[in-house]
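Overview (structure and organization)
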Amino acid sequence: MLIREASFVVLDIETTGLSAMNHRITEIALLRVEGGAIVDRHDMLINPEQYISPFIAEYTHITNAMVFGRPNFIERAPELAQWIGASGPPIIVGHNVQFDKSFLVQSFIRANDPHPIASGFAALPTLCTCRLAKRLTNLQRRGLEHVANHFGIKIKQRHRAMGDAEATAQVLIQFLKMAEELGCEEVGDLVKLQFRKPEQVKRTSIQRTLQEKVHEFPQRPGVYIMRDTRKGVIYVGKAKDLRDRVGSYFSNAVIASGTKHQRMMKAVRTIEYEETGSELSALLRESRMIKEFKPQFNRLERSYKSWAFLKLDVQNLFPKLEAVREPALDGAEYYGPFRYRSSVEALIEVLNRSFTLRECNDSFSVKPGNKPCFYYDIGRCKAPCASLESPIEYGSEVERLRQFLAAGEEGILSLVEQMTQDAAEKLLFEEAQFLKERYLELKKVMGSGEREVSSINSNNCILLTKIDDGKAEVFFVRFGRLLKQSVLTLEQLPEIEVWFQKQLRYYYATGATAIPPECGKPEIDEMRILAMWIERAKRDESSTIIYVNEAHDVVLPTLVSAAYSVLGAGIALIPAPGPAEEFQPVVSHPIGITFTPEGLETARRLTTKPMYPKR
C-alpha cells in the first residue's frame, strides 16, 4: 500500500503503572492521519478499576476522582475497535509504540471483544516515531519533547494522552515527508526504515568539505539551494534551522539510502543559503524559487497543484453556489482554497440540502408564469424563478448561509453530523450513508487544519512573527494575499504608530485594492501557504494575528500594542492612539469597491517583488 493512501492511527495512553499484565489504562487518545494530515481525533478517560498512586497522579494529572464512575475498558472496547478500524486496518503509531500497543493488546484480550480489530490488534503493523528519529535525524536525545522541539512543535498538556498524541501525530507528518524524500513510497518501506541499522559509509572528499561548511550555517530560518557542477539548481528546500536541516542530508541514512537523495548528494557541488526572517518567509520563498528554477530533485513541488474554491455569486440578485478553480474580480465571494474539487462539491451538496438556494443553470430568469423545477418539488428551493420567493426573502437565506460559513469547521461538521443522525432516526438509511460519506470527506479537509472555511474576500489580517529579541516580521494580508512584508526593530518603535497608520490607510482603506486582476496558480499557491500558516498560528501561537475589518475600530492601538509585545518592549510603553478620523474605515469585503489602475499596479508590484535579494 502506498503511504499517501494508508491510514495511520496515532496512539497514546496513560496507565496506572508500567506492566501491561498487572496495570491498567486510565486514558486513551487516538488520532487518524491520512494524506499527511490529521483527519480525526478520539479520546476518553477509562476507569482502571485500580488505585492510582499519588506518584502516577502527579505525573499524569489523572486522579482517582477523575476516573470514578467512568466506563471501564470492557465497556469501551467495541467503540474503540470500531473507531480504530473505521478506515480499514491501520498502521499503529506511537512514540515508543510498543509500550502503548502492549497495553491495548492485553486490554482487548481481557475484554474478549469479537470485533476483528480487537481480536487482531496484536498483528497490526506498528511505526515508532522514536525509532524514526534515530534514523532520520541527528538528535542525541530522542524523547518526544526533544523531537517535537526539533520540529518546532509545542506540546499542550504534556503527559496527558491527547497532548502527547497530538505532538506525536505532528512529528509523524514531518517524518512522512522526510521518508518520501528518501524514496519511501510503500508502507512496507517505511516500516523497514525504522529498523534499518545505521551504516558506516564512506563519504567523498566533496561531501566531507560540504559537511564542514554546513557546520558554519546559521541556526536560523531560511532556504537552501543545492547546485551541481554546472552551477545549475538541482534542489531547493526550506528550514527552520538551516544548520540542522542541511546537515541531516549528510547522515548515514541519506548517504547510504540508495534513493534519489543519495543520487542528489553525489551530484551536489555547492550549497548556498538565504536567511529569512521567519519560517513563514522561508515557506513563501521556497515555493517561489522552486517554481522559478524547477529543480531536478523537487519533482513533487515544482509544478503548481490544482486547487478549488467555493464560489457564492453575491453580485447577482439570486446567488447560487458552485465550484471553481480560480477566484476572479467579479464581485463574488470565494471560500478556500481546497485541495480537491470533490471536497468543494461535497460541501455544496451539504449546503444545498440545508439552505434553499437555487441550483439551476445560468439560464435562470424570473417570470411569474415560470413552472417551478424539480428542486422546488423536493423542498430544496423556493422557486424565485416563478416569483414564489422575493429578492428580500432570498437575500435573507443567502445571509444565513454566509453566517453559517463564517462559523467555520465546527459549525459545518456539526450540521452534517446532525443531518446524518436525523436521517438515521427516520430510517432513511441510504440518505444517512450518503451524509456519512460527505461528513468523512469534509472532515478530512476541515479537520486537518488545512483550511478553515472562510471567505478570502474578508481574509484581511496582519501577521506579526518574532524573529529574535528586538526584531519581528510583519506581513500585510488582504483577501488572502500577501501584499507587503517588512522587518520591525526596537529602533522603529517611536514611529511605529504613524507607520502602521499609513499601512492601514494604503492597503485596507475604502478604495484600496489588494488583488491583481489575475489570480492564477502562483497566487493561489501563496494563498494556500498563508492560509495554512494562519490556521497553524491559531493553534500554536507562532504568530500574532490582527484581523482588519470594519468591526475592528480599535485596530490601530491593538496593532501597536501587539508590535510592542512581539518585539519584547512591553505593552506599558504603548503610545496613546491617535484620533480615529486620521485614517479611513477599513472594509471586510470587496463588494462595491472600485479597483483603480494605480491600486492594481501597486498590488502587482508588491506581490511579484522578491522578498529577499539573492546572495
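What this report covers is the structure whose coordinates are included nearby. (Residues numbered from 1 in each chain as written. Predicted model: local features only at pLDDT ≥ 70, side-chain atom pairs only at ≥ 80, totals over all residues. Heavy atoms only, no water.)

Focus on unusual backbone geometry
Of note in the backbone geometry, His-159 takes a positive phi value of approximately 70 degrees without being a glycine. By the element assignment, His-159 lies in the loop between helix H7 (144-150) and helix H8 (161-181). One non-glycine residue with positive phi stands out, namely Lys-231, at about 70 degrees. Among the structural elements, Lys-231 can be located in the loop between strand E6 (222-227) and strand E7 (233-239). (Helix = DSSP H or I, 4+ residues; strand = E, 2+ residues; numbered from the N terminus.)

Describing helix H6 (residues 129-136)
Among the 8 residues of H6, 6 are classified as buried, and the element is accordingly described as predominantly covered. All of the buried residues in H6 are Thr-129, Cys-130, Leu-132, Ala-133, Arg-135 and Leu-136. (Buried < 20%, exposed > 50% of the residue type's maximum accessible area, 1.4 Å probe, protein only.)

Details of the sheet that holds strand E9 (residues 308-312)
Backbone hydrogen bonds hold the strands of a sheet together, and the pairing may be parallel or antiparallel. Read from one edge to the other, the open sheet built from 3 strands follows the order E10-E9-E11, with strand pairing classed as antiparallel. With one partner strand each, in any of the chains shown, strand E10 (321-324) and strand E11 (333-338) form the two edges of the open sheet. Geometrically, the sheet is characterised by an average inter-axis angle of 25 degrees between neighbouring strands, direction not taken into account. Two strands pair when backbone bridges link them, and E9 and E11 are joined in this way by 4 bridges, in the antiparallel orientation. Opposite Leu-312, over in E11, you have Glu-333 as the bridge partner. The sheet strands contacting helix H15 (residues 341-354) are E9, E10 and E11, and the helix crosses E10 at an angle near 180 degrees. (Pairing = 2+ DSSP bridges. Axes fitted to C-alpha atoms, helices over the stretch in contact; angles between N-to-C directions. Contact = heavy atoms within 4.5 Å.)

Examining the nonpolar core
Among the nonpolar cores identified, the biggest contains 36 residues, and Phe-8, Val-33, Leu-127, Leu-172, Phe-175 and Leu-190 are the most heavily contacted of them. Not counting residues up to four positions away in its chain, the partners in contact with Phe-175 are Thr-129, Leu-132, Ala-133, Leu-136, Thr-137, Val-147 and Phe-151. (Core = buried A, V, L, I, M, F, W, Y, C linked by side-chain atoms within 4.5 Å.)

A few points about the side chain of Asp-228
Residue placement: Asp-228 occurs in the loop between E6 and E7. We note that Asp-228 is buried and unpaired, the nearest opposite charge coming from Arg-230 at a distance of 4.1 Å. A polar side-chain atom of Asp-228 sits 2.9 Å from the main-chain amide nitrogen of Gly-232. Not counting residues within four places of it along the chain, the set of residues in contact with Asp-228 comprises Ile-234, Ala-267 and Arg-269. (Lys, Arg positive; Asp, Glu negative; His and termini not counted. Salt bridge = Lys/Arg side-chain N within 4 Å of Asp/Glu carboxyl O. Polar contact = N/O pair within 3.5 Å; in protein donor to acceptor, adjacent residues only side chain to side chain.)

Re the environment of Val-214
Within the secondary structure, Val-214 is located in helix H10 (residues 205-214). A sequence separation of 31 residues divides Val-214 from Arg-245, and the C-alpha atoms of the two residues are 9.6 Å apart. Beyond its immediate stretch of four places on either side in the chain, Val-214 contacts Arg-243, Val-246, Gly-247, Phe-250 and Ile-271.

A short note on helix H22 (residues 555-566)
Look at H22: 16 Å from first C-alpha to last across 12 residues, which is about the 16 Å you get at 1.5 Å a residue. Buried within H22 are the following residues: Val-555, Leu-556, Leu-559, Val-560, Ala-562, Ala-563, Tyr-564 and Val-566. On its buried face, H22 sits against strand E12 (461-468), strand E13 (471-478), helix H20 (496-508) and strand E15 (544-547). Gly-568 lies just past H22 and shows a positive phi near 80 degrees. (Expected span 1.5 Å × (residues − 1).)

With respect to the packing of aromatic side chains
Overall, the coordinates contain 15 aromatic pairs when judged by the stated rule. Judged by centre distance (5.7 Å) and plane angle (65 degrees), the ring pair of Tyr-224 and Tyr-249 falls under edge-to-face. With Tyr-224 in strand E6 and Tyr-249 in the loop between helix H11 (242-247) and helix H12 (252-255), the pair connects residues that are 25 residues apart, well separated along the chain. Judged by its relative accessible area of 1%, Tyr-249 falls in the buried class. Connected via pairs of aromatic rings, a cluster forms that spans Phe-476, Trp-499, Phe-500 and Tyr-507. Seen from the ring of Trp-83, Arg-32 lies directly overhead, with NZ or CZ sitting 4.1 Å from the centre. (Phe/Tyr/Trp six-rings, centres within 6.5 Å; stacked < 30°, edge-to-face > 60°. Lys NZ or Arg CZ within 6 Å of the ring centre and 35° of its normal.)

Focus on the sheet that holds strand E2 (residues 25-34)
Across the sheet, 5 strands lie side by side as E3-E2-E1-E4-E5; this open sheet has mixed pairing. Both outer strands of the open sheet, strand E3 (37-45) and strand E5 (126-128), are each paired with one neighbouring strand and no more. With strand direction ignored, the average angle separating the axes of adjacent strands in the sheet is 25 degrees. As judged from the 8 bridges shared by E2 and E3, these two strands associate in the antiparallel manner. Among the inter-strand pairings, Val-33 is bridged to a residue of E3, identified as Ile-38. Across the face of the sheet, helix H4 (residues 97-111) comes into contact with strand E1 (7-15), E2, strand E4 (91-94) and E5 while running at roughly 80 degrees to E1. The sheet strands contacting H6 are E4 and E5, and the helix crosses E5 at an angle near 55 degrees.

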